[in-house]
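Chain by chain, the residues:
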Amino acid sequence: MGYREIYDAWKADPEAFWMEAAEAIDWDRKPTKALTEKGDNLYEWFADAECNTCWNAVDRHVEGGRADQAAIIYDSPITGRKETITYAELKDRVASLAGALRAKGVDKGDRVIIYMPMVPQALEAMLACGRIGAIHSVVFGGFAANELAVRIDDAQPKAIIAASCGLEPGRVVKYKPLLDGAIDIAKHKPEFTLILQREEEVADLIPGRDFDWVEAVEAAEPADCVPVEGNHPSYILYTSGTTGQPKGVIRHTAGQLVALNWTMKNIYNVDPGEVFWAASDVGWVVGHSYIAYAPLIHGNTTIVFEGKPVGTPDAGTFWRVISEHDVKSFFTAPTAFRAVKREDPKGDFVKKYDLSGLRVVYLAGERADPDTIVWAQDQLGVPVIDHWWQTETGWAIAANPVGIELLPVKLGSPSVPMPGYDVQVLDEGGNPMPAGELGAIAVKLPLPPGTLPTLWNAPERFQKSYLNTFPGYYETGDAGMIDEDGYLYIMARTDDVINVAGHRLSTGGMEEVLASHPDVAECAVIGVSDQLKGQLPVGFLCLNAGCNRPHEEVVAEVVKLVREKIGPVAAFKLAVVVDRLPKTRSGKILRGTMVSIADGSDWKMPATIDDPAILDEITEALQTIGYAK
Ligand code: COA
Ligand code: AMP
């Protein structure tokens, strides 16, 4: 069957479609039905089933003949270390770690925060939580103590699992002081922490609160898999919204198992036993779904890569890993390819490696610009597939389903909706737009299995952020169009979220930090176009009357403040001081117009602007930092 037939079959009978996909999962109690309607536009999948994530990702493969197959290949160009962990070894390691958590009182439903770099133990920690029904929440290592504290207060974890450090090129990121700082700031205090000591940095442990990973595991009795309800949360992953308070996206156990397993063959075109590599980080949704869960659930080998696309040691590092480990499908962010292309435009490094095993490359996380796609296709000689999804959905809303059939690639489009997603482009009144016309992209409810059922601790915010604008639909927050062939085009966010190097960040969150500076009276942050990172944040500061300090000093302080409060990942390095911000007569800051001016794109004077002369000052200020040319 081709894509169209499969999509139509799903649409005709979604219940049958997902019940059939569920056959591929091991159940402790089989689901009697796929979808449960909860009222208020809320839905759950396989709610009456019982299953275990870790069993499906690890144990069943050991029992089913994959005991000696590599489950995880750890390749760390930053330390020079490599390690292969078979499914049998992974089972032992995860069972012992789960036993250690259990011995310290972690039980089904308890939250565990994981703050780890790209080492196999990060995946083991996630799987160990799933084994005993604990709910993990992984926090990206590039976030500062304050962001970690916000997540601790929201998730209220019983335990935190962390490494002593992460490694960035030329810099050891000491996690323990960040962790201690976060626990100090947070109102909620975890009962204990488990620390993986790395040789690059051995952290001081606080007796009675901090425990050494190795010692705890050695002392532990291995734990068995605990069956949980299909709608038991597997994890909470925080993502940026329009304010500094991140949204806790919940993922339910059974939906995740069924949906991710389905994607591995149908979208990523790998069979069990083959090597699949997503070069992302476990702190992001791509890392959850496609470094940890999907490849393991499907019986593939996954790669944990601790390095960067360039500089560890060179722009050939991706190609070395692909060739050395025989990667069949490779997934990365466009920004990573732009970084490689900038250093190796002619592909000299590509030619050094045998990439004959590689079949397809997948890009997501931000808009894939046609230049980057064409460059990658030319260099690698394989299809380069853009696909579109979000932390909220956990898997692709739109993709080219290569395992079903390779549809013609249209540059600039992540191709077509996947089964499960009825995608529509709507006008402000919620009416469908004709083909080729721009509007808000929405998905008809219910969303498919594996997507968010609600937000942790914030059911009202869930309704407000996603369900209220277009009744009966999930609002994606992206704007775009669908062409006459049914291909989607994702053009922009409709909210204050920006995308920096494939990382989703809140300009509102950054504005909250700038506004906390004692000399700042008013501020705005916008995302301007950047050739490497896609977008970069730029801050505009209006200083308090009477503040006569040199502007560079205040700018340097706010840059430092954002790094301290949000973290280096915000990549906030540019800010300018202006007298006033451009606003509408009702006082709304004209951020969109400022973005157009910064990018040098066409723009119209907003009819509602209060004082057009302010835009000249904005233009001049942007020119001092190299924009608005
Ligand atoms: N822990 C601590 N700090 C981190 C970090 C981590 N896990 N990840 C990034 N940082 C730091 C970086 O060191 C950098 O710090 P600096 O300001 O001192 O230089 C800062 O955060 C910004 O990082 P980033 O935006 O990633 O830029 P970079 O200069 O390190 O690398 C690219 C540029 C394009 C090579 C890089 O962004 C990249 O490969 N991105 C991949 C994107 C990706 O995988 N996204 C996941 C979604 S699919
Ligand atoms: P995140 O939740 O971090 O995965 O970010 C999701 C957002 O990134 C989406 O809502 C889009 O704005 C953007 N995004 C992700 N993938 C793509 C893509 N393939 N094309 C365009 N935008 C994308």
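Structural data are supplied above this passage.
Residues numbered from 1 in each chain as written. Chains lettered and ligands numbered in written order. Predicted model: local features only at pLDDT ≥ 70, side-chain atom pairs only at ≥ 80, totals over all residues. Heavy atoms only, no water.

## Notes on the pattern of salt bridges
- Summed over the entire model, instances satisfying the criterion amount to 41 salt bridges.
- Two residues, Lys265 and Asp271, come together in a salt bridge whose shortest N-O distance is 3.4 Å.
- The shortest N-O distance in the salt bridge between Glu511 and Arg591 comes to 3.0 Å. Highlighted residues: Glu511 in helix α16 (residues 507–515) and Arg591 in helix α18 (residues 591–599), separated in sequence by 80 residues. (Salt bridge = Lys/Arg side-chain N within 4 Å of Asp/Glu carboxyl O. Helix = DSSP H or I, 4+ residues; strand = E, 2+ residues; numbered from the N terminus.)

## Examining helix α3 (residues 53–66)
- With 14 residues, α3 should reach 20 Å at 1.5 Å per residue; the first-to-last C-alpha distance of 17 Å falls well below that figure.
- Maximum bend of α3: about 40°, positioned at Asp59.
- Here the buried face of α3 lies against β3 (50–51), α4 (87–103), α5 (120–131), β14 (233–239), α9 (253–266) and α10 (285–297).
- Between the side-chain oxygen at the start of α3 and the backbone nitrogen of Cys54 there is a gap of 2.7 Å, and the oxygen is on Asn52. (Expected span 1.5 Å × (residues − 1). Bend = angle between axes of the 7 residues up to and from the residue. Contact = heavy atoms within 4.5 Å. Polar contact = N/O pair within 3.5 Å; in protein donor to acceptor, adjacent residues only side chain to side chain.)

## Here's the deal with α10
- In terms of burial, α10 is largely enclosed, as 13 of its 13 residues are buried.
- Positioned one or two residues after α10, Gly299 has a phi angle of 80°, which is positive. (Buried < 20%, exposed > 50% of the residue type's maximum accessible area, 1.4 Å probe, protein only.)

## Quick look at the site of ligand 2
- Surrounding ligand 2, one finds 15 residues, the nearest of these being His387, Thr391, Asp478, Arg493 and Arg504.
- Between ligand 2 and the protein, one listed contact pairs a nitrogen atom with a backbone N or O atom of Gly365 at 3.1 Å.
- Bound to the protein, ligand 2 loses 92% of the 490 Å² it would expose on its own.
- Residues belonging to the shell around ligand 2 are distributed by class as follows: four nonpolar, five polar and six charged. (Near = heavy atom within 4 Å. Areas by Shrake-Rupley, 256 points an atom, 1.4 Å probe, with all protein chains shown as cover. Nonpolar A, V, L, I, M, F, W, Y, C, P; charged D, E, K, R; others polar.)

## Focus: the packing of α5 against α10
- Look at α5 against α10: their axes get within 11 Å of each other, and the N-to-C directions meet at 60°. When the axes of α5 and α10 are compared, the pair comes out oblique. Helix-helix and strand crossings are classified by hand; for α5 and α10 the assignment is right-handed. Contacts from Leu123, Met126 and Leu127 in α5 reach His288, Ile291, Ala292, Tyr293 and Leu296 in α10.
- Split into classes, the residues belonging to the contact of α5 with α10 amount to seven nonpolar, one polar and no charged. (Axes fitted to C-alpha atoms, helices over the stretch in contact; angles between N-to-C directions. Parallel < 35°, antiparallel > 145°, perpendicular 65-115°, else oblique. Left-handed = near helix turned anticlockwise from the far one by under 90°.)

## Remarks on the site of ligand 1
- Within the structure, ligand 1 sits among 23 residues, and Glu168, Arg171, Lys533, Arg563 and Lys573 are positioned closest to it.
- The contact in question runs from a nitrogen atom of ligand 1 to an N or O atom on the backbone of Gly142, over 3.4 Å.
- Residue Arg563 places a side-chain N or O atom 2.9 Å away from an oxygen atom belonging to ligand 1.
- Taking 930 Å² as the accessible area of ligand 1 by itself, protein coverage stands at 83%.
- At the level of elements, β10 (171–174) and α12 (334–343) are the ones that each hand at least two residues to the shell around ligand 1.
- When grouped by side-chain class, the residues that make up the shell around ligand 1 number 11 nonpolar, six polar and six charged.

## As for the pairing of strand β28 (residues 503–506)
- Burial along β28 is two-sided: the face carrying His503 and Leu505 and the face carrying Arg504 and Ser506 are both buried.
- Note: strand β27 (residues 497–500) against β28, four bridges, orientation antiparallel. Looking at β28, one finds that Asn499 is bridged to Arg504.
- In textbook terms, the turn of a hairpin is the stretch between consecutive antiparallel strands, and for β27 and β28 this stretch comprises two residues, one of which, Ala501, has a positive phi near 55°. (Pairing = 2+ DSSP bridges.)

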